[in-house]
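The primary structure of each chain is shown beneath.
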Amino acid sequence: MDKSIKVIVPGFVCFVISNLKRLSLNSVMILGILFLSGCQPASSIKPSATLIPALIEKSSTPAAAQVLDIPVKTITPMPGYQPPEIPVPTPSPDRLPFPKPVFYVSVDGSDSNDGKTDNSAFATINMALQRAGDGDLIFVSSGAYEETIRIEKEIYLIGEDAETTIVSGANQGDVVSILSNNVTFSGFTVTNSGTNFISPFDGGDAGVKLEQVQNVQIMNIRVTDSTLGIFLNYAENNLLEGNTTYQNVYEGVYLRYSDHNLLQLNTSYENGGHGGYYIVNSSDNKIVSNNCANNPDHGIKLQQLSNNNLVEFNRCYGSKNAGIFLADAYFNIIRHNEFYENNTGAFIRLSDQNLVEENYFHDNENGVILDFASFENIIQNNHAADNWSGIDVKYSSNRNHILQNTLIANRGPGLWINRSSDNEIGQNIIMENGEGITITCGEEMHIAPEVENLTWDEFTRMEGYFAKFKDFVFEKGIMIEGKDNENNLITNNIIENNINWGMVTQIDVGEGACPVEINAANNWWGDPSGPFHPGVHPWGQGMVISDGIIFDPWLETRPGIP
């Protein structure tokens, strides 16, 4: 099994093994196969941390200012609701202003010069790097420079203008490699890296690569036509500010085993791979006030134990899959962002104890999805409007808290609960949707028949398979999920003015009624007389409900929800 597969197995399969308490006993049938895949104990996979309340205290709200430069669709939200502004943080480089240049580079220069004035500039950046010492500044005039650069000294490398000062790697390896701490790199367009790509978990050639460094500042850099845009590998406490990564073959910005970095005011669009910003095995980063647009996969992706990250005041739209995707990621804060015109605004899979708060999800196919055993997340004070569905809780995603959200004018259900238990759903405003709350009951969920005969090794190589899981018709199997929606508490919500149903239970597998009753007492159904049910409550003038719903007592006055 190659290196990439070894990484994939712990990220998904080992999580399943170490959390079999989440699944039915039938999952034991696959233990023999999974044991051979090299899983580690649960203690090495699940982070140890306190529960979500501690996260609520964490914040890094930058100074307020005006929006970034990608155009934003104008919509009319619910009266009184204000979408989050995208602030511009106070510039943070602590070494600005730059010192006086020591060496100059110009396309009209010569490497036989001394490089100490404009008139005696070097012709190549590499000659200036050879002559420079720690603390020196190299100033590069506008022009095109075909060379690959290795920075191994604590220097400032400053281009005259990011649009016209171009470094091209001629398709050879990394274009700019930063191998020293305390480097400032600013004012360039970087293009044409090599084409080597190892795997999604190992990276490859990049326009700009930071390798095992700290206190590096990458500012006002444009990276395009490279395998990876900006790649941080085992790099900590660095700043990426005001950069644009676009039309790279794989990720625009990629953090691998890189913690405590600040990404702010960057724009990443039309990149391949995982999309705009790919964060893998990287924790305690701040991703603040960035744009991600029209990436074919995700705007932002946190994966493989990328924990305790703050994702705040970003705007992501036009992603083919998710504006933000969490996979095996824990204790992250997703706050004050705007996600629109994506397939899904926020997709959370196999991820626990994240806080998704005060975001604006609109004009997506799905607003928020909690998927595949995502536990104890808090989804609160979000506004989801004009999506197909507002919030989906599915496939044994248990013990989550869905609180004080406004779910309005979604074409399908405002809230959809699918085979998930013990969730708290309270103080939400659910109105003008196709259906207020849909509760889907079903039997066992299994792997699709078209893949059941694959060997395990082949199965792990199916790139993108898990991202498409929700689209399959499940029939036979390898993994058993919970079949009921037990012990969900749905209370103190406003459920009114939805088009078809206030609350409905549906059967998607098998026949007959839902196997459990749904506790939905103490909700406001749009009328003091309570909900309408043709059999047990035909005098109710409020929203229509289906069988299997405990609605009595109901609220006779509309609550004042914060």
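About the thresholds
Residues numbered from 1 in each chain as written. Predicted model: local features only at pLDDT ≥ 70, side-chain atom pairs only at ≥ 80, totals over all residues. Heavy atoms only, no water. Helix = DSSP H or I, 4+ residues; strand = E, 2+ residues; numbered from the N terminus. Contact = heavy atoms within 4.5 Å. Areas by Shrake-Rupley, 256 points an atom, 1.4 Å probe, with all protein chains shown as cover. Patch = residues over 30% accessible without salt bridge, like charges linked within 9 Å, V, L, I, M, F, W, Y side chains within 5 Å. Salt bridge = Lys/Arg side-chain N within 4 Å of Asp/Glu carboxyl O. Lys, Arg positive; Asp, Glu negative; His and termini not counted. Charge placed at Lys NZ, Arg CZ, Asp CG, Glu CD. Buried < 20%, exposed > 50% of the residue type's maximum accessible area, 1.4 Å probe, protein only. pLDDT = per-residue confidence, 0-100. Pairing = 2+ DSSP bridges. Phe/Tyr/Trp six-rings, centres within 6.5 Å; stacked < 30°, edge-to-face > 60°. Lys NZ or Arg CZ within 6 Å of the ring centre and 35° of its normal. Disulfide = S-S within 2.5 Å. Core = buried A, V, L, I, M, F, W, Y, C linked by side-chain atoms within 4.5 Å. Polar contact = N/O pair within 3.5 Å; in protein donor to acceptor, adjacent residues only side chain to side chain.

J.: Looking at this structure, I do not really get the overall build of the protein chain. What am I missing?
T.: Counting its secondary structure elements, the protein chain contains 6 helices and 45 strands. Intrachain contacts of the protein chain at a sequence separation of at least 6 include 55% that bridge at least 24 residues. Counting every atom, the protein chain has about 21,700 Å² of accessible surface; 50% of that belongs to carbon and sulfur.

J.: For this particular structure, what's the right way to read a negative patch on the surface?
T.: On the surface, Asp118, Glu160, Asp161 and Glu163 cluster together to form a negatively charged patch. By the secondary structure assignment, Glu160 is in the loop between β5 (156-159) and β6 (165-168). By relative accessible area, which is 46% here, Glu160 ends up partly exposed.

J.: Would you mind showing me how to read the confidence of the model for the protein chain here?
T.: Any region with low pLDDT has predicted coordinates that should not be read closely. Confidence in the prediction of the protein chain, expressed as mean pLDDT, is 79, and 74% of residues score 70 or more. Segment residues 1-81: pLDDT under 50, and 165 contacts once partners within four positions in sequence are set aside and those in other chains are kept. A low-confidence stretch, residues 91-95 (pLDDT under 50), is modelled with 16 contacts involving residues beyond four sequence positions or located in other chains.

J.: Would you mind going over the pairing of strand β34 (residues 389-394) with me for this structure?
T.: Regular strands place side chains that alternate from one sheet face to the opposite one. A large share of β34 lies buried, amounting to 6 of its 6 residues. Inspection of the sheet shows strand β31 (residues 366-371) paired to β34 by 4 bridges, in the parallel sense. Looking across to β34, one finds that Val368 is bridged to Ile391. Looking at chain direction, β34 and strand β37 (residues 413-418) are connected through 4 bridges and run parallel. Each bridged residue has a counterpart across the sheet, and for Lys394 the counterpart in β37 is Asn418.

J.: Please clarify how the packing of aromatic side chains should be interpreted in this entry.
T.: Each aromatic ring pair is specified by the distance between its two centres and by the angle formed by the two planes. Scanning all chains against the criterion turns up 15 aromatic pairs. When the ring of Tyr317 is compared with that of Tyr340, the centres are 4.9 Å apart and the planes differ by 15°; the resulting orientation is stacked. With Tyr317 in strand β24 (residues 315-317) and Tyr340 in strand β27 (residues 338-340), this residue pair connects regions lying 23 residues apart in the sequence. Taking the centre distance of 5.4 Å and the plane angle of 15° together, the rings of Phe339 and Phe361 count as stacked. Linking Phe339 in strand β27 with Phe361 in strand β30 (residues 360-362), this pair joins segments that are 22 residues apart in sequence. When sorted by exposure, Phe339 lands in the same class as Phe361, which is buried. By the ring-pair criterion, three or more aromatic residues cluster together here, those being Phe231, Tyr254 and Tyr278. Lying over the aromatic face of Trp416, Lys394 brings its terminal NZ or CZ to 5.7 Å of the ring centre.

J.: Just to check I follow, could you spell out the state of the cysteines for this structure?
T.: With the rule as written, the count across this model stands at 1 disulfide. Covalently, Cys292 is tied to Cys316 through a disulfide, its sulfur atoms 1.9 Å apart. Of the two residues, Cys292 is situated in strand β21 (residues 291-293) and Cys316 in strand β24; the sequence distance between them amounts to 24 residues. In this structure Cys292 comes out as buried when scored by relative accessible area, which is 1%. Accessibility expressed as a relative area gives 0% for Cys316, which makes it buried.

J.: How should I be thinking about the environment of Leu179 in this particular structure?
T.: Position of Leu179 among the secondary structure elements: in the loop between β7 (176-178) and β8 (184-191). Put simply, Leu179 and Gln214 are 35 residues apart on the chain and 9.4 Å apart in space, counted from C-alpha to C-alpha.

J.: I would appreciate a short explanation of the nonpolar core in the present structure.
T.: Across soluble globular proteins, you tend to see nonpolar side chains buried next to one another. One finds Ile125, Ile138, Ile178, Phe185, Val208, Ile218 and Met503 to be the most contacted residues of the largest nonpolar core, which totals 80 residues. Residues in contact with Ile125, not counting those within four places in the same chain, are Val105, Val140, Tyr145, Glu147, Ile149, Leu157, Val167 and Phe188.

J.: Where do I start with the side chain of Thr224 in this structure?
T.: Among the structural elements, Thr224 can be located in strand β12 (residues 217-224). Of note is the side chain of Thr224, whose polar atom sits 2.8 Å from the backbone oxygen of Tyr246. In this structure, Thr224 is in contact with Val190, Thr191, Asn192, Tyr246, Gln247 and Asn248, ignoring residues within four places of it in sequence.

J.: Which parts of the structure should I look at to understand the pattern of salt bridges?
T.: Opposite charge on two side chains lets them pair, provided their charged atoms get close. Under the defined criterion, the tally for this structure stands at 9 salt bridges. With its nearest N and O atoms 3.9 Å apart, the salt bridge here joins Glu365 to Arg411. Residue Glu365 is found in the loop between β30 and β31, and its partner Arg411 is found in the loop between β36 (406-408) and β37; the two are separated by 46 residues along the sequence. According to the relative accessible area criterion, Glu365 is partly exposed, its value standing at 37%.

J.: Would you mind going over unusual backbone geometry with me for this structure?
T.: When glycine is set aside, most residues are seen to have a negative phi, and most peptide bonds are trans. Along the chain, Asp552 connects to Pro553 via a cis peptide bond; the corresponding omega equals 10°. Relative to the assigned elements, Pro553 resides in the segment after β45 (549-550). Positive phi, close to 60°, is recorded for Leu265, a residue that is not glycine. Looking at the element boundaries, Leu265 is found in the loop between β17 (262-264) and β18 (267-269). Look at Leu265 and you get buried, because its relative accessible area is 18%.

J.: Would you mind showing me how to read the environment of Asp225 here?
T.: Within the fold, Asp225 resides in the loop between β12 and β13 (228-233). Sequence separation of Asp225 and Gln247 is 22 residues, and the distance between their C-alpha atoms is 5.9 Å. What Asp225 contacts, discounting residues up to four positions off in sequence, is Thr191, Asn192, Ser193, Tyr246, Gln247 and Asn248.

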